[in-house]
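So you can see what is in the structure, the chains are spelled out below.
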Amino acid sequence: MRLPLIRMGSLCVALALLAGAPPAVANEPPPPSTTNAMAQAASPQAIAEYRRKLKEYQEARAAFDEEAGAYWTAVSEKRKGRNAKRRERQSIALDDYVLTQPPVYSGPKRPVSPEPEEEKPPRERKPLPVVADFLKAAADHFQFVPQRPAAEVEFKRAYARYAQAAGLTREQAVRVYSFETGGSGNYDMQSGLNPARPGSRAISTAIGYNQLLTTNSVELLAEQGHEFIKELTARAAQLSGAPRKAMDHKLAVLKKMVAFTRTVPDTWSEHEKLANTPQGWAVHAMVLDIDVGPMLQTHKLLTSVIFARAKGYNRPLTAAELEMMNLTGDGTGLDMVTMPQAMREQVPTSNFFQRGGYERNPVAIRHNTVAKLLAVTDERMDFNSSKPGAKELAAAF
């Protein structure tokens, strides 16, 4: 935890004065807090200059916010218009997008006050749950321990078998894996955590080859859980003895988890609420299981493929196009995917974001057209596909 900063200069001066003072109380210097305030007292001229600059900044910022607000309102209105045209099965044209880039603030910076300000303690951040928390939740709430592979290659082979049978191509699976994990991630890799970097911290709950969030796991079990149960039931029928008993227990747990995920309406916001509970964490532990994990990772991508087909887009998705749908959501991603190349060269990426999300996304800002964003995605996939994990996954197909 970051500690509050201490004004060391003023503190050292106060200590020096105290060290050289005679014992008489009347001659003692002011206490450190008083000395600190005196040392930092600002002149009337400095305060007046600060207020002038602050007014200048506030006026410039207000003008920018008005301009930016109008821009992002236009983006939203254009998006609504495209959605309406799609519902009416009308074609989308170039003028259905905002074709200028978002305004960038170029005015003066906010001035620093010359007057001392009360230091605020750093805001406490709620720690993100990690793999150990998911495993504990599964044990506590469902009396379940995921069946984990003896070696990483076992999970990759299980994923490759299921993904290929479900309709994903090797190129799609390997290149998306390369983009999401950097080409060397394991099945239990959590975003932000790296064994090679001691002290690294989780930056999200995303786990595995396609970086599923807790909400992804809850939503996939709610929507595809019946398919998972059907698949495991078929596998159980081929087993006997202890393996059959273990699979039957896994099936019973899976059915309970699916029932839990269906206790709310089928919307992302409702699934997110469940995902933030201990039971939701327990569901997320299924990504670590060698039977259910590959199905979850596969359907994270397969749902996008199925969505595109349902919308009449039957051409095979490139890995970069699939990643756009994976990153931005199926509806927004398909908007980019179905765009002709000539339009991709001209349409700014801002058309596919809310303002806050765009301003926090340096990649979308730097690669600011659809064509550039897809190109940099492909470049990263090309580079990471040569790494050991990507090669091992490719060989598993």
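Bear in mind the structure is a predicted one, so any value in this text is a computation, not a measurement.

Procedures and definitions
Residues numbered from 1 in each chain as written. Predicted model: local features only at pLDDT ≥ 70, side-chain atom pairs only at ≥ 80, totals over all residues. Heavy atoms only, no water. Helix = DSSP H or I, 4+ residues; strand = E, 2+ residues; numbered from the N terminus. Buried < 20%, exposed > 50% of the residue type's maximum accessible area, 1.4 Å probe, protein only. Contact = heavy atoms within 4.5 Å. Areas by Shrake-Rupley, 256 points an atom, 1.4 Å probe, with all protein chains shown as cover. Phe/Tyr/Trp six-rings, centres within 6.5 Å; stacked < 30°, edge-to-face > 60°. Expected span 1.5 Å × (residues − 1). Axes fitted to C-alpha atoms, helices over the stretch in contact; angles between N-to-C directions. Left-handed = near helix turned anticlockwise from the far one by under 90°. Nonpolar A, V, L, I, M, F, W, Y, C, P; charged D, E, K, R; others polar. Polar contact = N/O pair within 3.5 Å; in protein donor to acceptor, adjacent residues only side chain to side chain. Parallel < 35°, antiparallel > 145°, perpendicular 65-115°, else oblique. 1 Å grid on protein atoms, 1.4 Å probe; cavity = no way out; pocket = protein on both sides within 12 Å on 5 of 7 lines; lining within 4 Å. Points joined across faces, edges and corners; volume = space filled by probe spheres on them. Salt bridge = Lys/Arg side-chain N within 4 Å of Asp/Glu carboxyl O.

### A look at the overall build of the protein chain
- Of regular secondary structure, the protein chain possesses 18 helices and zero strands.
- Burial status across the protein chain gives 41% buried among its 397 residues.
- Considering only intrachain contacts with a sequence separation of at least 6, the fraction spanning at least 24 residues in the protein chain is 70%.
- Carbon and sulfur atoms make up 56% of the accessible area of the protein chain, which totals about 22,100 Å².

### Overview of the packing of aromatic side chains
- Under the definition given, this model contains eleven aromatic pairs.
- Centroid distance Y71 to W72: 5.4 Å. Interplanar angle 80°. Geometry classified as edge-to-face.
- Taking relative accessible area as the criterion, W72 reaches 10% and is therefore assigned buried.
- Geometrically, the ring pair formed by Y97 and F352 is tilted, given 6.1 Å between the ring centres and 50° between the ring planes. Taken as a pair, Y97 in the loop between α3 (44-87) and α4 (131-142) and F352 in the loop between α14 (341-344) and α15 (355-359) lie far apart in primary sequence, 255 residues in all. For the pair shown, Y97 and F352 are each scored as buried.
- Taken together, the ring pairs in this structure connect F155, Y159, Y177, Y187 and Y209 into an aromatic cluster.

### Some details on unusual backbone geometry
- Notably, R89 is not glycine yet its phi reads approximately 60°, a positive angle.
- Relative to the helices and strands, R89 resides in the loop between α3 and α4.
- Phi at Q211 takes a positive value of approximately 55°, unusual for a residue other than glycine.
- Inspection of the secondary structure assignment puts Q211 in the loop between α6 (170-181) and α7 (214-236).

### Re helix α5 (residues 152-166)
- For α5, spanning 15 residues, the distance from its first C-alpha to its last is 21 Å, which sits close to the expected 21 Å at 1.5 Å a residue.
- Taken from the residues just after α5, G167 is the one with a positive phi, measuring 120°.

### Here we look at the packing of α7 against helix α11 (residues 292-310)
- Contact geometry of α7 with α11 gives a least axis separation of 10 Å together with a crossing angle of 115°. Relative to α11, α7 is oriented so that their crossing is right-handed. Contacts from N216, S217, L220, L221, Q224, F228, E231 and L232 in α7 reach V292, M295, L296, H299, K300 and T303 in α11.
- Here the contact of α7 with α11 is built from residues that sort into seven nonpolar, five polar and two charged.

### Some words on the side chain of S113
- Residue position: S113 is located in the loop between α3 and α4.
- Among the residues examined, S113 registers a relative accessible area of 15% and is labelled buried.
- Within the local environment of S113, its side chain forms a polar contact with the backbone nitrogen of E115, the two atoms lying 3.2 Å apart.

### Focus: the environment of E56
- Within the secondary structure, E56 is located in helix α3.
- A relative accessible area of 39% means that E56 is categorised as partly exposed.
- For the pair E56 and K109, spaced 53 residues apart in sequence, the C-alpha separation works out to 9.5 Å.

### Examining the packing of α7 against helix α8 (residues 241-261)
- Close contact between α7 and α8 brings their axes to 9 Å; oriented N to C, the two are set at 160°. Our classification of the angle between α7 and α8 gives roughly antiparallel. Handedness of the crossing formed by α7 with α8: left-handed. Each of V218, L221, A222, G225, F228, I229, L232, T233, R235 and A236 in α7 lies in contact with α8, whose residues at this interface are R244, M247, D248, K250, L251, L254, K255, M257, V258 and T261.
- Partitioned by chemical class, the residues of the contact of α7 with α8 number twelve nonpolar, three polar and five charged.

### A look at the layout of surface pockets
- If you add up the space inside the largest pocket, you get close to 1,100 Å³.
- Around the largest pocket, the lining is made up of 32 residues, and of these L213, N216, K300, N326 and L327 lie nearest the centre.
- A per-element tally of the lining of the largest pocket places α11 first, with six residues.
- Of the residues in the lining of the largest pocket, the class split is twelve nonpolar, 15 polar and five charged.

### Section: the pattern of salt bridges
- Inspection of every chain in the model, using the stated rule, returns 25 salt bridges.
- Ionic pairing is found between R315 and E321, a salt bridge with its closest N-O pair at 2.9 Å.
- Using a relative accessible area of 4% as the deciding quantity, one classes E321 as buried.
- R344 is the partner of E321 in a salt bridge, and the nearest nitrogen-oxygen pair spans 3.0 Å. Taken together, the residues span a long stretch of sequence, with E321 in helix α12 (residues 319-328) and R344 in helix α14 at a distance of 23 residues.

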